[in-house]
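Each chain, written out:
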Amino acid sequence: MTNQNRSQWNLCRFIKTLAYFEVIPLFSWIEKLFSGNSREIETQSKGETKNMGVILVAGATGGVGKRVVAKLVGQGYHVRCLVRDIEKARNILSEAVDLVVGDITKPETLNHLVMANIQAVICCTAVRVQPVEGDTKDREKYYQGVKFYQPEIVGDTPENVEYQGVKNLVTAAAKYLPSASEKVIFDFTQTSAELKNIWGALDDVVMGGVSASSFQLGEKSALFSGNVSTANSGGFASVRTKNFVPVINLSGFTGVKLRVKGDGQRYKIFLRTESTWDGVGYSYSFDTVVDNWIDVTIPFADLTPVFRAKTVKDSPPIDASKVCSLQLMLSKFEYDGALNPKFAPGSFALEIESIKAVGGKNLPQFVLVSSAGVTRPGRPGINLDEEPPAVRLNDQLGGILTWKLQGEESLRNSGIPYTIIRPCALTETAGGKELIFEQGDNIKGKISRDDVAEICIQVLKQSQACNLTLEVKEGENIAHSSNWQQLFSALQPDK
Ligand SMILES: NC(=O)c1ccc[n+]([C@@H]2O[C@H](COP(=O)([O-])OP(=O)(O)OC[C@H]3O[C@@H](n4cnc5c(N)ncnc54)[C@H](OP(=O)(O)O)[C@@H]3O)[C@@H](O)[C@H]2O)c1
């Protein structure tokens, strides 16, 4: 090619492009983005767990609730506690948690301040039960759980707390909990300063071409647009993110989804797992529809490993646990020299609303601590003399178990992925005994509040604990280690 038939190549743009994509470690923002939007609990390469997202604990000042909070904090979760009395809460709970004032019987208090960015809810609330003879300041008679004291309800009724209150909390949470199977990577419908310095143009100028593109953030979307030219043997325009630091872990998802409005041309998206400038990219071509918003779902399994527009036959499938950059491209070429059948040189425009990971596993998002015995009052064949006090005295206690069952039902019917834990009599003894899980509501026994708190947290990581109800008591033996997956795999989801 002579100088005459070459279009004016722009050295300055070439240098600017390279400078922009110098590997700059400024992507801690993406961690934040994920902590705000993700319900995923990511296992780091060192084997330690780092837990993201806000977990809302209701009943945080109670016997089980305060232990749930302490364990969540110890395991690195971001915890928000719904409390009625903030001074009381300050005395009981770690300074590391956010306290929000609310009352589950007053739905107007379960507002945005309580619910914003929640990833899961653990509900340990309870109507107040105490011995008729009265209790100590620290409720020692109630808490010990083994010796019988004639009980009574004080304060609000079981109907209000155990049913209506739980239902209010479920209803409010349902509006805020993110879709369990999706994770937002980029949401361009909400502008943020952080988004501005992430995407940059990467056009064929790097190979001597003269195509030029840009990535602009609008109010409700981002716009990848420009002019693509085939002059100087060029023919592509693209925008690429700088390398994510840390990388994004999308294992557990099956692919990504774009929401785009294009101009009828065929575009490509690349996902990269190497931070090198010029490595293998995993590519997928998608057609746009002129002036129409469409969702494009890209299964990881359908990505083609590509190096400089040539397919790499012996490349392994993408390792979705370490996605380090994304790229959108309009190119004259498909792969291995084939032409893009929908390509036209000149101006182009692709609007993007969002990029999400999709196909994630369902994990429980609402954990409700209920009680063994809730289905026993009035059940044929029940010998009340052999039943725990709450079953025997259900009527005298304002139908406590009956209303608890109604609270459970409101969660089952909500559509939120849930786990309902029904412990036997709660004690203040140390945890760590072997756990006996059952279903069908037949067991009697006792269990440490410590262990119930641990179960509440473990279920957040167990997809097998989704949408099921379990009873639990402790066994005689010390548990040397709990195989949580095995414990949950033996259980059946609710019908
Ligand atoms: N005791 C047992 O043997 C036994 C057996 C099986 C199951 N259970 C169940 O296990 C769960 C935990 O029991 P626990 O002994 O830890 O209960 P707890 O110590 O009595 O704690 C109850 C918590 O609920 C809160 N709460 C009550 N009404 C509320 C409302 N309207 N709005 C917001 N928060 C409210 C209380 O807050 P305040 O601090 O403001 O009062 C407290 O934090 C309960 O569901 C209980 O029924 C207990």
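Residues numbered from 1 in each chain as written. Predicted model: local features only at pLDDT ≥ 70, side-chain atom pairs only at ≥ 80, totals over all residues. Heavy atoms only, no water.

**A word on the sheet that holds strand 18 (residues 304-307)**
Taking strand neighbours across the sheet as the criterion, the 7 strands line up as 10-13-20-15-16-18-19 in an open arrangement whose pairing is antiparallel. The sheet terminates laterally at strand 10 (199-201) and strand 19 (310-311), the two strands that pair on one side only. Both strand 10 and strand 13 (residues 236-241) contribute to a ladder of 3 bridges, which runs antiparallel. What sits directly across from Ala-201, in strand 13, is Val-239. (Pairing = 2+ DSSP bridges. Helix = DSSP H or I, 4+ residues; strand = E, 2+ residues; numbered from the N terminus.)

**Thoughts on empty space enclosed by the protein**
Enumeration according to the criterion identifies 4 cavities of 30 Å³ or more in this entry. Within this model, the second largest cavity holds a volume of roughly 40 Å³. Looking at the second largest cavity, the residues that line it are Thr-125, Glu-162, Val-166, Leu-368, Val-369, Ser-370 and Lys-404. For the lining of the second largest cavity, the elements supplying multiple residues, two or more each, are helix 7 (158-176) and strand 22 (366-369). Grouping the constituent residues of the lining of the second largest cavity by class yields 3 nonpolar, 2 polar and 2 charged. (1 Å grid on protein atoms, 1.4 Å probe; cavity = no way out; pocket = protein on both sides within 12 Å on 5 of 7 lines; lining within 4 Å. Points joined across faces, edges and corners; volume = space filled by probe spheres on them. Nonpolar A, V, L, I, M, F, W, Y, C, P; charged D, E, K, R; others polar.)

**Some details on unusual backbone geometry**
Its identity as a non-glycine residue notwithstanding, Ser-233 has a phi of 60 degrees, on the positive side. Turning to its location among the elements, Ser-233 is positioned in the loop between strand 12 (222-228) and strand 13. Residue Asp-336 is not a glycine yet carries a positive backbone phi of 55 degrees.

**Describing the packing of aromatic side chains**
One pair of aromatic rings is described through two measures. These are the centre distance and the angle between the planes. Here the structure, examined in full by the defined rule, presents 14 aromatic pairs. Ring pairs connect the aromatic residues Phe-186, Phe-188, Trp-199, Phe-215 and Phe-244, which therefore count as one cluster. Over the ring of Tyr-143 we find Arg-139; its NZ or CZ atom is 5.1 Å from the centre of that ring. (Phe/Tyr/Trp six-rings, centres within 6.5 Å; stacked < 30°, edge-to-face > 60°. Lys NZ or Arg CZ within 6 Å of the ring centre and 35° of its normal.)

**Let's talk about the confidence of the model for the protein chain**
Per-residue confidence for the protein chain gives a mean pLDDT of 89, with 90% of residues at or over 70. Counted against residues more than four places away or in other chains, residues 1-5, with its pLDDT under 50, gives 4 contacts. Here residues 23-52 is a poorly scored stretch, pLDDT under 50, and it has 73 contacts once near neighbours within four places are set aside; other chains count. (pLDDT = per-residue confidence, 0-100. Contact = heavy atoms within 4.5 Å.)

**A closer look at the layout of surface pockets**
Over the atoms rolls a probe the size of a water molecule, and in doing so it shows where empty space is left. Counted as a void, the second largest pocket has a volume near 700 Å³. Lining the second largest pocket are 31 residues, with Met-207, Phe-236, Arg-308, Ala-309 and Met-329 sitting closest to its centre. Breaking the lining of the second largest pocket down by element, the ones donating at least two residues are helix 1 (11-20), strand 13, strand 15 (266-272), strand 18 and strand 20 (325-331). Class assignment of the residues belonging to the lining of the second largest pocket gives a composition of 13 nonpolar, 9 polar and 9 charged.

**Here's the deal with the nonpolar core**
Residues Phe-186 and Trp-199 are the most contacted members of the largest nonpolar core, which totals 41 residues. Here the element with the most residues in this core is strand 21 (residues 346-358); it accounts for 5 residues. Among the nonpolar cores identified, the runner-up in size contains 38 residues, and Val-57, Val-68, Val-69 and Ile-457 belong to it. (Core = buried A, V, L, I, M, F, W, Y, C linked by side-chain atoms within 4.5 Å. Buried < 20%, exposed > 50% of the residue type's maximum accessible area, 1.4 Å probe, protein only.)

**Structural notes on the site of the ligand**
Neighbouring the ligand are 26 residues; Thr-61, Val-64, Lys-88, Asp-103 and Tyr-143 lie closest to it. One of the side-chain N or O atoms of Thr-61 is found 2.5 Å from an oxygen atom in the ligand. Within the complex, the protein chains bury 90% of what would otherwise be the 920 Å² of accessible surface of the ligand. Elements that contribute at least two residues to the shell around the ligand include exactly helix 3 (63-74), helix 6 (140-144) and strand 24 (425-427). Of the residues in the shell around the ligand, the class split is 12 nonpolar, 8 polar and 6 charged. (Near = heavy atom within 4 Å. Polar contact = N/O pair within 3.5 Å; in protein donor to acceptor, adjacent residues only side chain to side chain. Areas by Shrake-Rupley, 256 points an atom, 1.4 Å probe, with all protein chains shown as cover.)

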